[in-house]
Amino acid sequence: FTSPTIDEGTWDDLETALLGADFGPDLTDELLDELRAKVAQFKTTDPADLKRMLREALEERLAAHDPTLTLSNRPAVVLVVGVNGVGKTTTIGKFAKFLTGYGRTVVVGAADTFRAAAVDQLATWAERAGVQVVRPQHAGQDPASVAYQTVQFAIDNNIDIAIIDTAGRLQTKAGLMDELGKVTRVIEKLAPIAETLLVLDGTTGQNGVAQAEAFFESAGVTGLVVTKLDGSAKGGFVLRVQQQTGIPIKLIGQGEGIGDLTGFTPHVFAASLVP
Amino acid sequence: MATFGTLSDRLTATFSALRTKGKLSPADVDGTVREIRKALLDADVALPVVKDFTAAVRERALGDEVNKALNPAQQVVQIVNDELIGILGGQQRRLQFAKNPPTVIMLAGLQGAGKTTLAGKLAQWLKADGHTPLLVACDLQRPNAVQQLQVVAEQAGVAVFAPEPGNGVGDPVRVAKDAVKHAATALHDVVIVDTAGRLGVDAELMKQAGDIRKAIDPDEVLFVIDAMIGQDAVATAKAFQEGVDFTGVVLSKLDGDARGGAALSVASVTGRPIMFASTGEGLGDFEPFYPDRMASRILDL
Ligand SMILES: Nc1nc2c(ncn2[C@@H]2O[C@H](COP(=O)(O)OP(=O)(O)OP(=O)(O)O)[C@@H](O)[C@H]2O)c(=O)[nH]1
Ligand SMILES: Nc1nc2c(ncn2[C@@H]2O[C@H](COP(=O)(O)OP(=O)(O)OP(=O)(O)O)[C@@H](O)[C@H]2O)c(=O)[nH]1
Ligand SMILES: [K+]
Ligand SMILES: [Mg+2]
Ligand SMILES: [Mg+2]
C-alpha cells in the first residue's frame with residue numbers, strides 16, 4: 001500500500017491487487033465489502049492491519065475445506081483429469097515420487113492414448129520417480145481399458161497406489177467428457193476410485209470455475225491440484241473454484257522438477273496471495 | 001457463464017431507466033462504464049487494459065453520437081465493439097516470408113500453451129500451400145518433446161530436424177543454427193522452430209530463447225498464448241516481448257468457452273498483431289484471427 005493511513009487510495013490499491021491476482025470482479029467486491037466492514041468495526045486506520053485482515057479472510061476461506069488426500073484403500077486408485085496442457089502428466093511424475101518418499105509402491109497408467117508422445121512422456125516420469133508404468137498395448141487403445149489394466153496390475157502385484165493419466169480435454173467437449181465417465185465406471189469394476197484430481201493451471205483466469213464445474217459433473221472430482229505457481233500468476237481464481245464447488249485444493253505444483261510438488265497449506269497460500 | 005445475461009442485455013436494462021431523461025449525464029455514463037468494466041474483467045481482460053479502454057469508451061459515450069442515438073444502449077455497445085476491434089485488428093497482417101528462403105519461424109510461449117501442436121498446424125497449412133516446411137526440435141527440456149514433434153511432423157507429412165535426444169541433453173541454440181543451414185541445402189523453404197515452454201520470470205530460460213532468436217534471425221517469432229490465461233497475460237507478454245521480441249501472436253484453445261480477454265491484453269500492451277487462432281487438437285484446427293469475432297466473444301454478445 002502506498003498511503004500511510006487507510007484512505008480511498010488504499011482501497012483502490014487493494015482492489016487492483018485482488019483483481020490482478022485473478023479473484024475476479026465478484027469475489028473482489030465481496031472481499032472489499034467484508035474488509036470495509038471490519039475496518040469500520042475495529043476503527044483502524046493502519047494499512048498493515050488491513051493487510052493482516054485480508055490475509056486472515058483469505059486463509060479462513062481457503063481453510064474451509066479439508067485438503068487431506070484419502071489414499072487408504074488398497075490399491076488406492078487416483079485418476080488425474082483436466083483441460084489441455086495444465087500439467088497432468090508432470091504432476092503424476094512428481095506425485096509418484098512424493099508417494100514413494102513415504103514408502104508407498106506406485107504404478108502409473110498411460111491412459112492418454114491420444115496426444116502425440118504422451119505415453120513416452122509419462123514413461124520418462126515413471127523412470128525418474130522409480131515406479132512402474134502400464135502402457136497401452138497398441139496406439140489409440142481405448143483409455144478405459146488402459147485404466148483397467150493399470151488397476152489390475154496394481155491388484156496382481158500388490159502395489160499400494162495406481163495413478164492414471166488421462167488426455168487433456170476442454171470441458172465443453174461433451175463426447176470427451178462422457179469418455180471420462182466411462183473410464184470411471186470401468187475402473188470401479190475393479191476398485192473404488194480413491195481420488196479424482198482435477199489439475200488447474202495457475203495462470204488460468206475466470207474460466208477455471210467452468211472447468212471445475214464440468215469436471216465435477218462428469219468425473220466426480222474430489223480434489224484440486226494447482227500448477228505453475230512458480231511463475232508470476234497468483235491463482236486467485238482457485239479460491240472461487242473451491243468456494244463455488246466445495247472441492248478442496250490438495251496439491252500445489254511449483255516447477256518442472258520432480259520435487260516441485262507440495263501439499264496445500266491455507267496459511268502459505270494466503271501469504272503468497274498477499275505478499 | 002454470464003448469469004446476469006449478456007453485456008448488451010445489462011446495458012439495455014441500465015438505459016431503459018434513463019430513457020425518459022433525454023440527455024445522458026456523466027453520472028449516467030459512469031453506470032454504463034461500470035457494466036462494461038465488469039464484463040471485461042469477467043472475460044479476463046487485464047486490469048490496466050480495462051482502465052485505458054473504459055476511459056476511451058467513457059469519452060466517446062459522452063459525445064453526441066450516443067445522446068442523439070435512438071437506442072443509446074445499442075450505440076454504446078457499438079462503440080465498445082468498434083474500439084475492441086480497433087485494438088484487436090489494429091495491425092492485422094499475414095505471415096511474412098523471407099525474400100531469400102528459407103523463411104524462419106520461431107515459436108515461443110509459456111509451458112503447455114500449444115507451441116508444438118501449432119508447429120504441426122503451421123506445417124500442414126504451409127505444405128498444402130505448396131511449401132516444403134522443416135520442423136525443428138529445439139525443446140530439449142520437456143520430457144519427450146522431441147518425440148512429440150516427430151509424431152506431429154509425421155501427422156503433417158513434413159520433415160523434422162531432430163539431431164538431439166532432448167530430455168535435458170543437447171544445446172537448442174546450436175540445433176536451431178544447424179537447422180537453418182540444413183534447410184538451405186535440403187531445399188526446405190520454411191523452417192519452423194519449436195522451443196521449450198518457459199515462464200516470464202525465468203530469466204535464464206528467457207535468455208536462452210533470446211539466444212536462439214539471435215542465432216537464427218527469424219522472419220517471424222510467434223508468441224503462443226492460451227486463451228484461458230488470466231491477469232498474468234500482461235506480465236507474461238511483456239516478458240516475452242523483452243526476452244525474444246515476438247513479431248506476432250497466436251491465440252490457442254479458442255475451441256473452449258474461455259472468453260479470451262488475453263487477446264485484448266496482449267494486443268493492447270505489446271502492439272503486436274494477433275495473426276492466428278488455434279481451435280482444437282487436430283492439425284487442421286487452425287485459422288486466421290478474426291478481430292470482429294473475438295470482440296463479440298469477449299463481450300459475450
Ligand atoms: N513452470 C511449471 N511448469 C509446469 C508445471 N507443471 C507442469 N509444467 C509444464 O507444463 C507443460 C505441460 O505439462 P504436462 O504435464 O504435459 O501437461 P498435461 O496436462 O499432461 O498436458 P496434456 O496431456 O497435453 O493435456 C510442460 O512443459 C510441463 O513441464 C509447474 O508446476 N510449473
Ligand atoms: N483444445 C485444444 N487443445 C490444444 C490446442 N492447441 C494445443 N492443444 C493441446 O494442448 C496441450 C499442450 O499442447 P502442446 O502443443 O504440447 O503445448 P506446448 O506449448 O508445446 O507445451 P510445452 O512444450 O510443454 O511448453 C496438448 O494436449 C495439445 O493437444 C487448441 O487449440 N485447442
Ligand atoms: K496453459
Ligand atoms: Mg498429459
Ligand atoms: Mg512443446
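Caption draft 1: Local environment of the overall build of chain A. Across its full length, chain A carries ten helices and eight strands. At 20 Å, chain A has a C-alpha radius of gyration in line with the 19 Å of a compact globule built from 275 residues. Along the first, second and third principal axes, the C-alpha atoms of chain A reach 65 × 40 × 30 Å. Across the 275 residues of chain A, 57% fall into the buried class. Contacts in chain A between residues at least 24 apart in sequence constitute 77% of all its contacts with a sequence separation of at least 6. Surface accessibility of chain A: about 10,600 Å² in total, with carbon and sulfur atoms responsible for 51%. Of the side chains in chain A, 24 bear a positive and 34 a negative charge, and the two mean positions are spaced by 5 Å.

Caption draft 2: Geometry of the site of ligand 2. Residue and element names in this part refer to chain B. The local shell around ligand 2 holds 23 residues, among which Gly114, Lys115, Thr116, Thr117 and Arg142 are the closest. Contact distances for ligand 2 include 2.3 Å between an oxygen atom and a side-chain N or O atom of arginine 142. At 2.9 Å, a side-chain N or O of glutamate 281 approaches an oxygen atom of ligand 2. Alone, ligand 2 offers 650 Å² of accessible surface; in the complex the protein occludes 96% of this.

Caption draft 3: Representation of the pairing of strand β2 (residues 133–138) of chain B in the model. Residues and elements named next belong to chain B. Of all six residues in β2, six are buried, a share of seventy percent or more. Covered by surrounding structure in β2 are Pro133, Leu135 and Ala137 together with Leu134, Val136 and Cys138, the residues of both alternating faces. Relative to strand β3 (residues 159–161), β2 is paired through three bridges, and the arrangement is parallel. From the neighbouring strand, leucine 134 faces β3, where its bridge partner is alanine 159.

Caption draft 4: Main features of the sheet that holds strand β6 (residues 248–252) of chain B. Residue and element names in this part refer to chain B. Strand order in this open sheet of eight strands is β3-β2-β4-β1-β5-β6-β7-β8, and the pairing throughout is mixed. Two strands bound the open sheet, and with one partner strand each, they are β3 and β8 (286–288). Sheet twist, expressed as the average angle between the axes of neighbouring strands with direction ignored, equals 25 degrees. Pairing analysis gives three bridges linking strand β7 (residues 274–278) to β8, with the strands arranged antiparallel. Its bridge partner being in β8, phenylalanine 276 is matched across the sheet by proline 288.

Caption draft 5: Spotlight on the interface of chain A and chain B. Every contact between the two is made by 37 residues of chain A and, on the other side, 33 residues of chain B. Around 3,100 Å² of area is buried between chain A and chain B when both sides are counted, 54% of it from carbon and sulfur atoms. Where chain A touches chain B, the interface holds three salt bridges. Its salt-bridge partner being aspartate 255 of chain B, residue lysine 173 of chain A comes within 2.4 Å of it at the nearest N-O pair. Along the contact surface separating chain A from chain B lie 16 residue pairs in polar contact (both at pLDDT 80 or more). Listed by contribution, the elements that provide at least two residues to the side of chain A that touches chain B are α1 (8–20), α2 (25–42), α5 (118–129) and α8 (207–219) of chain A. Here the side of chain A that touches chain B takes five residues from α5 of chain A, the largest share from any one element.

Caption draft 6: Highlighting the coordination of the potassium ion (ligand 3). Taken together, Asp201 of chain A (OD) and Asp226 of chain B (OD) make up the full set of protein donors to the potassium ion (ligand 3), lying 2.7 to 2.8 Å away. Placement of aspartate 201 of chain A in strand β5 (residues 193–201) and of aspartate 226 of chain B in strand β5 (residues 220–226) is noted, with the two residues assigned to different chains.

Caption draft 7: Spotlight on empty space enclosed by the protein. Applying the stated criterion across every chain, the model contains four cavities of 30 Å³ or more. One number sums up the size of the largest cavity: a volume of about 80 Å³. If you trace the largest cavity, you find 13 residues lining it, with Thr203 of chain A together with Leu110, Gln111, Ala113 and Asp226 of chain B closest to the centre. Of all the elements, β5 of chain B adds the most residues to the lining of the largest cavity, at four residues. The calculated volume of the second largest cavity comes to roughly 50 Å³. Val83, Val86, Asp201, Thr203, Thr204 and Gln211 of chain A together with Asp226, Met228 and Ile229 of chain B together form the lining of the second largest cavity. Looking at side-chain class alone, the lining of the second largest cavity contains four nonpolar, three polar and two charged residues.

Thresholds, definitions, all that
- Every chain begins its residue count from 1, and numbering advances along the sequence as written.
- Key to labels: chains lettered from A, ligands numbered from 1, both in the order written.
- Local features in this predicted model are restricted to residues of pLDDT 70 or higher, and side-chain atom pairs are both shown and tallied only at a pLDDT of 80 or more, whereas totals for entire chains, interfaces and linings draw on every residue.
- Note that the side-chain values use all heavy atoms of the structure and ignore hydrogens as well as water.
- Each helix corresponds to a stretch of at least 4 residues labelled H or I by DSSP, and each strand to a stretch of at least 2 residues labelled E; elements are numbered beginning at the N terminus.
- We compute the radius of gyration from the C-alpha atoms alone; for a globule the expected value is 2.2 Å times N to the 0.38, where N is the number of residues.
- Each residue is placed in one exposure class: buried if its accessible area under a 1.4 Å probe, protein chains only, is under 20% of its type's maximum, exposed if it is over 50%, and partly exposed if it falls in between.
- Contact between two residues is taken to exist if any of their heavy atoms lie within 4.5 Å; hydrogens are not considered.
- The method behind every accessible area is Shrake-Rupley, applied with a 1.4 Å probe, and residues are considered shielded solely by the protein chains displayed.
- Residues scored as positive are Lys and Arg, those scored as negative are Asp and Glu, and His as well as the terminal groups of each chain are ignored.
- Charge coordinates come from a single atom per side chain, which is NZ of Lys, CZ of Arg, CG of Asp or CD of Glu.
- A cutoff of 4 Å decides nearness: a residue is near a molecule or strand if any of its heavy atoms lies inside that distance of it.
- Any pair of N or O atoms that falls within 3.5 Å is considered a polar contact. Within protein, one atom must be able to donate a hydrogen and the other to accept it, and sequence-neighbouring residues count only if both atoms are side-chain atoms.
- Paired strands, as defined in this entry, are two strands with at least two bridges between them according to DSSP.
- Axis lines are fitted to C-alpha atoms, over the contacting stretch for helices. Their N-to-C directions set the angle, which ranges from 0 to 180 degrees.
- Defined in terms of a 1.4 Å probe, buried area is the accessible area two parts forfeit on being brought together, summed over both.
- For this analysis, a salt bridge means a side-chain nitrogen from Lys or Arg found within 4 Å of a carboxyl oxygen belonging to Asp or Glu.
- Metal donors were taken as nitrogen, oxygen and sulfur atoms no farther than 2.8 Å from the ion, or 3.2 Å where the ion is Na, K or Ca. Water is excluded, so coordination may look unfinished.
- A pocket here means an open set of points on a 1 Å grid, computed over the protein atoms alone, that has protein on both sides within 12 Å along at least five of seven lines. A cavity is instead a set of points where a 1.4 Å probe fits but cannot get out; residues with an atom within 4 Å of a point line either one.
- Grid points are joined across faces, edges and corners, and a volume is the space filled by probe spheres set on the points.
- Each residue receives one of three labels: charged for Asp, Glu, Lys and Arg, nonpolar for Ala, Val, Leu, Ile, Met, Phe, Trp, Tyr, Cys and Pro, and polar for the others, Gly being one of them.

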